[in-house]
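Letter by letter, the chains look like this.
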Amino acid sequence: MKKILLLAGLLMPYQIQAGPHCQNVHLNGNYVMFQNSVSPANPHTGRCEIEIKKGLAFGLCAFSVSSNGSVVPGFTGPVSGTASINPDCSATLSLDFSPAPNVTVQSDFELQFSPDKNSFIGQWGNNFGLLGTTAGTRVKKDRHD
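Residues numbered from 1 in each chain as written. Predicted model: local features only at pLDDT ≥ 70, side-chain atom pairs only at ≥ 80, totals over all residues. Heavy atoms only, no water.

## Here's the deal with the overall build of the protein
Part 1 of the reasoning: A tally of helices and strands in the protein yields one helix and eight strands.
Part 2 of the reasoning: Secondary structure of the protein in N-to-C order comes out as α-β-β-β-β-β-β-β-β.
Part 3 of the reasoning: Expressed as a percentage of contacts within the protein between residues at least 6 apart in sequence, the contacts between residues at least 24 apart total 35%.
Part 4 of the reasoning: Accessible surface for the protein amounts to roughly 9,500 Å². Of this, 60% is attributable to carbon and sulfur atoms. (Helix = DSSP H or I, 4+ residues; strand = E, 2+ residues; numbered from the N terminus. Contact = heavy atoms within 4.5 Å. Areas by Shrake-Rupley, 256 points an atom, 1.4 Å probe, with all protein chains shown as cover.)

What follows is the structure, encoded as structure tokens:
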């Protein structure tokens with residue numbers, strides 16, 4: 001009996017540390033993500049559909065801006081970038097897009113994935129000093145090919 005208790009006591013720290021273990025391969029897939037800016041200088045929301053494959057991210061985003069209290073369409077177009085995930089399921093995502101000639105917006109996301117690796121929440125900032133929050137979920141793509 002003492003040996004069983006000793007063995008259980010020795011294994012307990014390993015069970016506590018096991019937690020979610022994420023690897024870059026867990027990022028591979030398709031996501032829908034939503035953003036909002038909390039910066040008064042440029043209030044807007046966004047919806048992106050992206051695919052992450054082997055650390056590369058690409059897809060389409062559409063942003064809406066608030067002008068004098070009314071919401072109007074803003075930039076809609078392609079985005080691309082990189083993504084990586086840590087063993088604790090925190091992740092980074094960098095997305096770039098060009099809303100106008102000679103203008104590139106570089107957005108850096110700090111994400112935390114759920115233990116099942118199918119959804120995330122986080123925050124972002126870009127090279128124009130804007131800040132915001134984000135949330136997203138993994139989606140299955142219909143294959144008709």
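## As for the nonpolar core
Part 1 of the reasoning: Ranked by internal contacts, the top residues of the largest apolar core, which has 26 residues, are Ile 50, Leu 93 and Phe 113.
Part 2 of the reasoning: Where this core is concerned, the elements lending two or more residues are strand S1 (29-37), strand S2 (44-53), strand S3 (56-67), strand S4 (70-85), strand S5 (90-100), strand S6 (103-113) and strand S7 (119-126). (Core = buried A, V, L, I, M, F, W, Y, C linked by side-chain atoms within 4.5 Å. Buried < 20%, exposed > 50% of the residue type's maximum accessible area, 1.4 Å probe, protein only.)

## Quick notes on the sheet that holds S7
Part 1 of the reasoning: If you trace the eight strands once around the closed barrel, you get S1-S2-S3-S4-S5-S6-S7-S8, paired in antiparallel fashion. Ignoring which end each strand starts from, the neighbouring axes of this sheet average 25 degrees apart.
Part 2 of the reasoning: Here S1 pairs with S2 via eight bridges, running antiparallel. Looking at S2, one finds that Met 33 is bridged to Cys 48. (Pairing = 2+ DSSP bridges. Axes fitted to C-alpha atoms, helices over the stretch in contact; angles between N-to-C directions.)

## Focus: the pattern of salt bridges
Part 1 of the reasoning: Applying the stated rule across the entire model yields one salt bridge.
Part 2 of the reasoning: Note that Glu 49 is salt-bridged to Arg 47, the shortest N-O span being 2.6 Å.
Part 3 of the reasoning: What makes Glu 49 partly exposed here is its relative accessible area of 38%.
Part 4 of the reasoning: When its relative accessible area of 37% is taken as the criterion, Arg 47 is described as partly exposed. (Salt bridge = Lys/Arg side-chain N within 4 Å of Asp/Glu carboxyl O.)

## Considerations on the side chain of Thr 134
Part 1 of the reasoning: In this fold, Thr 134 is placed in strand S8 (residues 131-139).
Part 2 of the reasoning: Residue classification places Thr 134 among the buried residues on the basis of a relative accessible area of 5%.
Part 3 of the reasoning: Looking at Thr 134, its side chain comes within polar contact range of the main-chain oxygen of Phe 34, at 3.0 Å.
Part 4 of the reasoning: For Thr 134, the contacting residues outside a window of four places in its chain are Met 33, Phe 34, Gln 35, Phe 109, Leu 111, Phe 120, Ile 121, Gly 122, Gln 123 and Trp 124. (Polar contact = N/O pair within 3.5 Å; in protein donor to acceptor, adjacent residues only side chain to side chain.)

## Overview of the packing of aromatic side chains
Part 1 of the reasoning: A full pass over the atoms with the stated rule returns six aromatic pairs.
Part 2 of the reasoning: Pairing Tyr 31 with Phe 113 gives two aromatic rings, centres 6.1 Å apart and planes at 75 degrees, and the pair type is edge-to-face. Placement of Tyr 31 in strand S1 and of Phe 113 in strand S6 is noted, with a sequence separation of 82 residues between them.
Part 3 of the reasoning: With a relative accessible area of 1%, Tyr 31 lands in the buried category.
Part 4 of the reasoning: In textbook terms, an aromatic cluster arises when at least three aromatic residues are bridged by ring pairs, as seen for Tyr 31, Phe 113 and Phe 120. (Phe/Tyr/Trp six-rings, centres within 6.5 Å; stacked < 30°, edge-to-face > 60°.)

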